[in-house]
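Fold and contact review
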Amino acid sequence: MQKGMHIDTERCVRAVRSKDARFDGWFFTAVLTTGIYCRPSCPVVPPKPENMVFHPSAAACQQAGFRACKRCRPDTSPGSPEWNQRADAVARAMRLIADGIVDREGVPGLAARLGYSTRQVERQLLAELGAGPLALARAQRAQTARLLIETTALPMTEIAFAAGFSSVRTFNDTVREVFALAPGDLRARAPKRTPGPAGTTGTPASTGTPAALSLRLPFRAPLTPDNLFGHLAATAVPGVEEWRDGAYRRTLRLPHGHGFVALAPRPDHIACRLTLTDPRDLTVAISRCRRLLDLDADPVAVDDRLRTDPVLAPLVDKAPGRRVPRTVDEAEFAVRAVLGQQVSTAAARTHAARLVTAYGEPVDDPDPEGGLTHLFPSPEALADLDPETLALPRARRATFTTLVRALVDGGLRLGVESDWPEARAKLLALPGFGPWTADVIAMRALGDPDAFLPTDLGIRRAARELDLPSTPAALTAHAAAWRPWRAYAVQYLWATDSHPINVLPA
């Protein structure tokens, strides 16, 4: 699988005929005779090849006049792995669009984040995806609208604005055009919701109680959840994160308010339960949860490359589909990375918990039995912190305050739009930032799939046990064969240890 796969007609036809779900999200099949578009794994009888046209995005299909298939629901496919493995302008633009930037700041805001003109951004997206930023954002709004229509009892007017539409009329027209059904008909066709107490799925926002939405987050198989959820649970900051009843729970800082999420692994999806103070944040919350769990990865491509190394092959075969545990807030992770320098996991959690108690924003956990009490402090909330109050060595206090200052004044911007090499260089220019800190932020906060940690204690221990080169320079040279997936190799190497980060909590 590679960039521009939709232009390889023969390969696309083979994928459609085999109904291979691994290709879902890589391209979409538009059927000329029916006027619908499908995901490659659509269960219906494949059309004749001469009746198939392939597009790189759902937005391109919609722009060409095709409507979504009611059987395979292509709008619910996993996202393309392209946007999480590339750092060029198009990939960064797609990450920003998924994070709702066009709805909040328009195309000029998108272009400003990327450092290009609006014309340049539109031209690049149109060339690669067959649709401009407005059409791509419109397709995302349609997907969000469908989700709200089918899983909540919110009035259609509230759904329209929550999904990002500027008017109810535009909402109605878009839903009819994309799904060939009126919003009311979409709701009527959806599985019946089970009534529940206030706060459960379907509670209208007008009651004053935030609605909890139960969703299924798809992924490409295989997926080994052990290190993914094990890492999040073992490093959870009290008050902000917890493992409870088989799910990882945490608070979310969102553009229009805050939220709570519970994520639990299932054989064929991730169960996601979201509680939002403002439904307009739904698209952003889903996007950030998918990034947190690396759900748009292409595990087959990753594992195939790593298996070419005879040392890694047995590790991959034992537990294929490991993901990189990431974050919902890049600035938060950077702060936590500094707090975790040269200390144990338990000590890092203690430092972060003190920071949360002193500077975090208090919130009320919607689960009466839950232990979520705060949002992690924003850089602005930490800007006036007295470094003498931090139980850290003097040098690390200076690193902490310098990082916070850079985040607040804009000298350092960490986000989905970050240029990975540029951000890494800026991190390394800060006092107290060595390669390990910069690379762990690149790997887990920025999402660079090729970030590598040759100086990490766990990696060096694994290298010795596996008879890999043990010095950082020699190990880096050996790992060149793992590119561009060295961040995933890190997960397989870490998993050779018995540390709690590698174990799915009970």
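An unreviewed UniProt entry lists the protein under the name DNA-3-methyladenine glycosylase II, with Streptomyces chlorus given as the organism. Here is the UniProt Catalytic activity (unreviewed entry) comment for the protein, exactly as written: "Hydrolysis of alkylated DNA, releasing 3-methyladenine, 3-methylguanine, 7-methylguanine and 7-methyladenine." In its Cofactor (unreviewed entry) section, the UniProt record describing the protein reads: "Zn(2+)".

Before going further, it helps to spend a moment on the pattern of salt bridges. Inspection of every chain in the model, using the stated rule, returns 34 salt bridges. Between R104 and D99 there is a salt bridge whose closest N-O contact spans 3.7 Å. Its relative accessible area of 32% is what places R104 among the partly exposed residues. On the basis of relative accessible area, D99 is assigned to the buried category, the value being 9%. Salt-bridge contacts for R486 lead to D450; the nearest nitrogen and oxygen are separated by 3.2 Å. Taken together, the positions of R486 in helix α23 (residues 486–494) and D450 in the loop between α20 (435–444) and α21 (457–465) put the pair 36 residues apart, joining distant regions of the chain. A residue is classified by how much of its surface remains accessible, and R486, at 11% relative accessible area, is buried. Because the salt bridges share partners, they merge into one network encompassing E105, R113, R413 and E417.

Moving on to the pairing of strand β8 (residues 257–265). The buried fraction of β8 is high, at 8 of 9 residues. The turn joining strand β7 (residues 247–254) and β8, which pair antiparallel and follow one another in sequence, is formed by 2 residues. Pairing of β8 with strand β9 (residues 270–276), which is carried by 7 bridges, proceeds in the antiparallel orientation. Note that in β9 the partner of F260 across the bridge is T275. The hairpin turn running from β8 into β9, its antiparallel successor, is 4 residues long.

If you walk across this open sheet you meet the 4 strands as β3-β1-β2-β4, and the pairing is mixed. Of all strands in the sheet, those bounded by a partner on one side alone are β3 (52–55) and β4 (67–68). Where strand β2 (residues 36–38) lies against β4, 2 bridges are found, and the strand directions are parallel. Its bridge partner lying in β4, Y37 is registered against A68. Docked against the sheet, helix α1 (residues 9–18) engages β1 (28–31) and β3, running at close to 105 degrees with respect to β3.

Adjacent strands of a sheet pair through backbone hydrogen bonds, lying either parallel or antiparallel. Sheet architecture is open: 5 strands sit in the order β5-β9-β8-β7-β6, paired in antiparallel fashion. Single-partner strands in this sheet number two, and they are β5 (212–217) and β6 (241–244). Taken pair by pair, the neighbouring strands of this sheet meet at an average axis angle of 25 degrees, ignoring direction. Relative to β9, β5 runs antiparallel, the two sharing 6 bridges.

The final tally for this structure, using the stated rule, is 7 aromatic pairs. With a centroid separation of 6.2 Å and an interplanar angle of 75 degrees, the aromatic rings of F28 and Y37 are classed as edge-to-face. With respect to class, F28 is no different from Y37; both count as buried. Considering the side-chain rings of F229 and W243, the 6.1 Å spacing of their centres and the 70 degrees angle between planes classify their relative orientation as edge-to-face. Note that F229 is positioned in helix α11 (residues 226–234) and W243 in strand β6, a separation of 14 residues in sequence. By relative accessible area, F229 is classed as buried at 0%. Within the aromatic cluster, the residues linked to one another by ring pairs are F23, F27 and F54.

Moving on, we get to the layout of surface pockets. One number sums up the size of the second largest pocket: a volume of about 1100 Å³. Taken together, 45 residues form the lining of the second largest pocket, with G340, V343, T345, W436 and D456 sitting closest to its centre. At the level of elements, α11, β7, α15 (330–339), α16 (345–359), α18 (394–409), α20, α21 and α23 are the ones that each hand at least two residues to the lining of the second largest pocket. If you tally residues by element for the lining of the second largest pocket, the top one is α21, at 5 residues.

Note that L295 resides in the loop between α12 (282–292) and α13 (299–306). Residues L295 and H269, spaced 26 residues apart in sequence, show a C-alpha to C-alpha distance of 9.5 Å. Not counting residues up to four positions away in its chain, the partners in contact with L295 are L217, P218, F219, R220, L223, I270 and R290.

Orientation of α21 relative to α23, taken along the N-to-C sense of each, is 70 degrees, at an axis distance of 9 Å. By the angle class used here, α21 and α23 are roughly perpendicular. Of the two possible hands of crossing, α21 and α23 adopt the one that is left-handed. Between α21 and α23, the contacting residues are G458, I459 and A462 on the first element and V490, L493 and W494 on the second.

Definitions and cut-offs
- Residues numbered from 1 in each chain as written.
- Predicted model: local features only at pLDDT ≥ 70, side-chain atom pairs only at ≥ 80, totals over all residues.
- Heavy atoms only, no water.
- UniProt positions renumbered as here; feature names shortened; annotations may be inferred.
- Salt bridge = Lys/Arg side-chain N within 4 Å of Asp/Glu carboxyl O.
- Buried < 20%, exposed > 50% of the residue type's maximum accessible area, 1.4 Å probe, protein only.
- Helix = DSSP H or I, 4+ residues; strand = E, 2+ residues; numbered from the N terminus.
- Pairing = 2+ DSSP bridges.
- Contact = heavy atoms within 4.5 Å.
- Axes fitted to C-alpha atoms, helices over the stretch in contact; angles between N-to-C directions.
- Phe/Tyr/Trp six-rings, centres within 6.5 Å; stacked < 30°, edge-to-face > 60°.
- 1 Å grid on protein atoms, 1.4 Å probe; cavity = no way out; pocket = protein on both sides within 12 Å on 5 of 7 lines; lining within 4 Å.
- Points joined across faces, edges and corners; volume = space filled by probe spheres on them.
- Parallel < 35°, antiparallel > 145°, perpendicular 65-115°, else oblique.
- Left-handed = near helix turned anticlockwise from the far one by under 90°.

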